[in-house]
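Each chain is listed here by its residues.
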Amino acid sequence: PSCLADVPEWNFDGSSTAQAEGSNSDMFLVPVCMFRDPFCLDPNKLVLCEVLKYNRKPAETNLRHTCKKVMDLVKDSHPWFGMEQEYTLLGINGHPYGWPENGFPGPQGPYYCGVGADKVYGRDIVESHYKACLYAGVKICGTNAEVMPSQWEFQVGPCEGIEMGDHLWMARFILHRVCEDFGVVATLDPKPMTGNWNGAGCHTNYSTEEMRREGGLKHIEAAIEKLSKRHDYHICVYDPRGGRDNSRRLTGHHETSNIFEFSAGVANRGASIRIPRQVGQDGCGYFEDRRPAANCDPYAVTEAIMRTTVLNETGVETKDYADH
């Protein structure tokens, strides 16, 4: 296929995925985004689909549907996102890749952005993923070794609107597929190791056109003020278990804010929202929401940010907008 219009709708057995009854099992796959296939190579494609139930309504796990509706509503704001996906490499036994079999590596400190066989584990896996994403056309823009050994991060963006969720989900798919070839597992668990080890987040950088213009800092501050009044709602949608996964990570330690408190600051990695120092100096740019968990759904996160900062929703309930 040369474009998305060339890709037909398809279906799959929803009873095998606990999404449908066996007596009415077919669920629709509706193509929404297409990438080059880095595994079978050109001219093969990877196609991202929305899942619809037998009645053409979105499946419960299809959070793209409402996100797309919201992004269409706010398109004149030209929202840009960049998401920093942290993940941890594990052996098949569930133990962090490269860690001593019956113990722990030395304390955190020398691993972040490290180099050397005693500092980083799995760089060949990480770079294979990076190259595969570049080939596919995913808007990946960076990668680095993280604070906990065998923990890594890649960044996707800037992406506008619905594109953010599409590209991050495809980057995740490619990550799991690459790890399969290496015989390891990538986990998005927000706190894969208990104790004095960093958790894993999906920090979300965000701006609208007016924030990026000269004098945009006042619009950034206005958006942060709106977010401060809706903290509970955002915590509920920033991981797939309504905040329970994030409660293990957002402790106020290990470069996180406390899950029960909203905070913001310039260059403060212990705050809910960080304004980069350069943005404070320039008076315009973007800000970073540090609350989303590594296993968040990017559609849910970006939709929530737009509902609060552009559509001016308040409270824990969301408004249902008519189809446009």
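Residues numbered from 1 in each chain as written. Predicted model: local features only at pLDDT ≥ 70, side-chain atom pairs only at ≥ 80, totals over all residues. Heavy atoms only, no water.

## A closer look at the pattern of salt bridges
Enumeration over the complete set of coordinates arrives at 20 salt bridges. As a salt-bridge pair, lysine 139 and glutamate 163 come within 3.1 Å of each other at their nearest N and O atoms. Of the two residues, lysine 139 sits in the loop between helix H2 (123-136) and strand E5 (140-145) while glutamate 163 sits in helix H3 (residues 163-182), which places them 24 residues apart along the sequence. Of the charged contacts, one joins aspartate 245 and arginine 248 as a salt bridge, the two residues approaching to 3.3 Å between their closest N and O atoms. Overall, aspartate 245 belongs to the buried group, its relative accessible area being 6%. Through salt bridges that share partners, Asp189, Arg241, Asp245 and Arg248 make up one connected network. (Salt bridge = Lys/Arg side-chain N within 4 Å of Asp/Glu carboxyl O. Helix = DSSP H or I, 4+ residues; strand = E, 2+ residues; numbered from the N terminus. Buried < 20%, exposed > 50% of the residue type's maximum accessible area, 1.4 Å probe, protein only.)

## Some thoughts on the state of the cysteines
Defined simply, a disulfide is a covalent bond joining two cysteines at their sulfur atoms. All chains considered together, the criterion is met by 0 disulfides. Cysteine cysteine 113 remains unbridged, with the sulfur of cysteine 141 as its closest cysteine sulfur at 14 Å. Classification of cysteine 113 as partly exposed rests on a relative accessible area of 45%. (Disulfide = S-S within 2.5 Å.)

## Overview of the domain arrangement of the chain
The domain architecture assigned to the chain consists of domain 1 (4-61) and domain 2 (71-310). The straight-line distance from the C-alpha centre of domain 1 to that of domain 2 is 27 Å. Listed by partner, the interface residues are 10 residues for domain 1 and 13 residues for domain 2. Taken together, both faces of the contact between domain 1 and domain 2 bury some 1100 Å²; the carbon and sulfur share is 74%. When the buried area of domain 1 at its contact with domain 2 is split by residue, Phe35, Arg36 and Phe39 rank highest and sum to 53% of it. For the pair domain 1 and domain 2, the interface holds 0 salt bridges. Scanning the region where domain 1 abuts domain 2 turns up 3 residue pairs in polar contact (both at pLDDT 80 or more). At the level of elements, strand E2 (26-36) and strand E3 (45-52) are the ones that each hand at least two residues to the side of domain 1 that touches domain 2. Top element by residues in the side of domain 1 that touches domain 2 is E2. It accounts for 3 residues. Split by residue class, the side of domain 1 that touches domain 2 holds 7 nonpolar, no polar and 3 charged. (Domains from an automatic or database assignment. Contact = heavy atoms within 4.5 Å. Buried area = accessible area lost by both parts, 1.4 Å probe. Polar contact = N/O pair within 3.5 Å; in protein donor to acceptor, adjacent residues only side chain to side chain. Nonpolar A, V, L, I, M, F, W, Y, C, P; charged D, E, K, R; others polar.)

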